[in-house]
Structures are given as structure tokens and as C-alpha cells.
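# Per-entry structural report
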Amino acid sequence: MTQVFNFSSGPAVLPHEVLLQVQAEMLDWHGSGMSVMEMSHRGPEFGQILAEAEADLRTLMAIPENYKVLFLQGGAHLQFAMLPLNFAPVGSTVDFVNTGHWSKVAIKEVSRYANVNIVASSEDKNFSYVPDESSWQRTPDAAFLHYCSNETIGGVEFNHIPQANGVPLMCDMSSNILSRPVDVSQFGMIYAGAQKNMGPSGVAVSIVRTDLLGKARSDTPTMLNYKSYADNGSMYNTPPSFGIYVAGLVYKHVLQQGGVAAMEAKNIEKANVIYAAIDGSNGFYHCPTAQADRSRMNIPFTLADQQLDQAFLAGAEARHLLQLKGHRSVGGMRASIYNAMPLAGCQALAEYMHEFAKMKG
């Protein structure tokens, strides 16, 4: 099989070792005679898979006991609606930091159910930076404060946890969860789709502080109430069992690699390789993101001559460097280098960028 380096923003690259284990266990999980896809979610086999996945995630993120770990369906997108239904009483105001596309999508959905105050926005500079907290215009009695820790399209990442000032802090961590250590105790809730750093699409994880549960609006659908899942061990209904199984294997893989701190060190090294190729190109390549807020997970860049975009992509594909086309809303290129992207992939891309600039520059 031809080796490729997959820079897709999601669904994204998974650890090769995990994929091999999934392949080996596809028809018979641990001598059960069943594929995970065939198991009853109420049976002891899947019960073991679910329990180990939760325990390993708790270890990786040092999740305190007063937080529930929930495995859900619907991705982060569904939780944009779940947030206000569960945590914002009718007529209340919620605070949002607007740093890009996914912040905007969440704001649009939440505004259907609550008043939204934009405490700060970087739209004035095309979402290329994180607004300084000293400028934030907060609501003193906000139901919660929300931010997206990493914007996949603009390549803007928070390098700190914002001060919550006494209100629950909610974070969409879909694209950088497990890529760096975070203090879970500072959050009311962390939520993330799995398809960037944790597994396949179809499963999402929510880490919810227990005192926030049980306060959903009376008309909240049962399936959109976090307490439904918390009270039933993520199994109010049939969970996304295969996705949970793969996520659990990813958690074990990260533990074997040395945990989240070790992943952070690798991610810094990988990102530096590509940013050095951009910054050292004498303007042939350009990253639009403020240097202090550059993402370690998603690196957008443009070529000085847009007429060369297609040639760049064709040359990359010929070298088995795939999925580098930027999001349709911004154009250019984007290299997504989540945990499972090896250093060799970043080095191969940087080498190609140098060769292409030398040939075309």
C-alpha cells in the first residue's frame, strides 16, 4: 500500500497502530466471536469497552470526580443547541468570544434560544487573532461564557484558558482536545467531536461539571438533555458503539506515547517545521494568523501568486501529500496536523514547499 500523508481537517488521520488493531479485531473482538459492530451495547463486552474508554480519558485529562464523561452522537454541532437548552434559562444572556467560523456557527444556533452578547470578536481582521481579554465586554450575570479553543479554518488557537469571572466556562475543543494539557477544573463543560484527535466521525465527548446538570428547560427534548446521558452512563439510547471503541483505542495509544504532555511536545515540533517553511520562504508563502495565536493543529497558508495554487496541489498529490486545499471560504492551503500526523509528514510537506518555491519563485 502506498504511504500517504493525510492533512485533512476532519475526519482526519488516525494512528496507524490503532487502524491495524481495528483491522485485527474487526471480526472477533478478544475471542468473543463478535465484531464490536455486532455487540449488544448492554452486554458485558461493550460494557468493558465503554468503561475503559472513560477511565483512560479521565487519566489522560486528569478529569476530576465531579465531572461526568459523556459519549454522545450528533457531533459538536448538535451541542450548539444543547448548550442553551441545558444551561441558559429562558430570557438569559450568554457571552461568546467570536474568533472564526465555528464560533459564528455556534452563536447563530445559540441565539435561537438565548440572548447572545459578543464579548469580543476578531472579525475586524478576518479572524486572524485572539482578542486580548482586557478588551472583553462581559455580562456580569451571564449564564455561561463560551469560546472555541481552536478554529480549524482560520488557524487561530487559544494558548491560555480565559478567566471565567464566576460564570461557567464552556469550550468547543473539537480540534485540539488531547493535543495539550488543560485544567479541566476551570471549565463548566468541555465538548468535542471525535473526528480530529480522538477517533472516527459519529461520536462526540462532553465533560460536564455535575452541579450544572438537571437544570435543563422544561421543554428540552429528552435526547438533548445532558442529564439523560449522565444518569444512564452514556447509554440512554444505543450509543455510537464502534466510534467509542475506536476512540478508546486512541486513548490507549496516547497513553502509550507518554500522555498529553508528550503529545504537546510533538505537536510543537511538527508545527514549527511547517511554520519555518512558511516564514523562511521570503514571502512566497504567507500565514495570515497572528504569530502569537497560530494553531498547532491547523496551519493555513497562501501562495503569493494564486495562479500557482492548482500546480502546488497537483505536485503535493503526486508526492502523496493529500487534502491540502484550504477551506472554500478562505481559499489557499491548509495543513491539519493533529496528534496522529507523524513528524515525517510535516517534514515531507516542508521539503516539498521549499522545492516548489525554488522552482516557481
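What counts and what doesn't
- Residues numbered from 1 in each chain as written.
- Predicted model: local features only at pLDDT ≥ 70, side-chain atom pairs only at ≥ 80, totals over all residues.
- Heavy atoms only, no water.
- Phe/Tyr/Trp six-rings, centres within 6.5 Å; stacked < 30°, edge-to-face > 60°.
- Buried < 20%, exposed > 50% of the residue type's maximum accessible area, 1.4 Å probe, protein only.
- UniProt positions renumbered as here; feature names shortened; annotations may be inferred.
- Contact = heavy atoms within 4.5 Å.
- Helix = DSSP H or I, 4+ residues; strand = E, 2+ residues; numbered from the N terminus.
- Pairing = 2+ DSSP bridges.
- Axes fitted to C-alpha atoms, helices over the stretch in contact; angles between N-to-C directions.
- Polar contact = N/O pair within 3.5 Å; in protein donor to acceptor, adjacent residues only side chain to side chain.

Taken as a whole and assessed by the stated rule, the structure comprises 14 aromatic pairs. Ring geometry for Phe-284 and Tyr-285: centres 4.8 Å apart, planes at 80°, overall edge-to-face. You'll find Phe-284 and Tyr-285 in the same group, each marked buried. Summarising the aromatic geometry, the rings of Tyr-285 and Phe-301 are spaced 5.8 Å apart at their centres and angled 85° between planes, so their arrangement reads as edge-to-face.

Looking now at the UniProt feature "binding site: L-glutamate" (unreviewed entry) in the chain. Using the residue numbers shown here, the UniProt feature "binding site: L-glutamate" (unreviewed entry) corresponds to Ser-9 and Arg-42. A maximum C-alpha distance of 33.7 Å is found for the annotated residues, which run over 34 residues; spatially they are spread out rather than grouped. Ignoring anything within four residues of it in the chain, the contact list for Ser-9 reads Lys-196, Asn-298, Arg-334, Ser-336 and Tyr-338. Within the fold, Arg-42 resides in the loop between helix H1 (16-25) and helix H2 (44-61).

This brings us to the sheet that holds strand S12 (residues 298-303). Read from one edge to the other, the open sheet built from three strands follows the order S11-S12-S14, with strand pairing classed as antiparallel. Here the strands that pair on one side only, and so sit at the sheet edges, are strand S11 (285-286) and strand S14 (333-336). In terms of strand pairing, S11 meets S12 through two bridges, oriented antiparallel. Paired with His-286 across the strands is Thr-302, a residue of S12. Those strands touched by helix H7 (residues 260-279) are S11, S12 and S14, and its axis lies near 15° from that of S12.

This part covers the side chain of Ser-128. Looking at the element boundaries, Ser-128 is found in the loop between strand S4 (115-121) and strand S5 (145-148). Separated by 2.7 Å, the side chain of Ser-128 and the backbone oxygen of Lys-125 make a polar contact. The residues contacting Ser-128, other than those within four sequence positions of it, are Ser-122, Val-156, Pro-288, Thr-289 and Ala-290.

With that settled, consider the pairing of S5. Neither face of S5 is left uncovered, since the one carrying Leu-145 and Tyr-147 and the one carrying His-146 and Cys-148 both have all their residues buried. Alignment of strand S3 (residues 93-98) against S5, held across two bridges, turns out to be parallel. What sits directly across from Phe-96, in S5, is His-146. For S5 and strand S8 (residues 169-172), the ladder comprises four bridges, and the chain directions are parallel.

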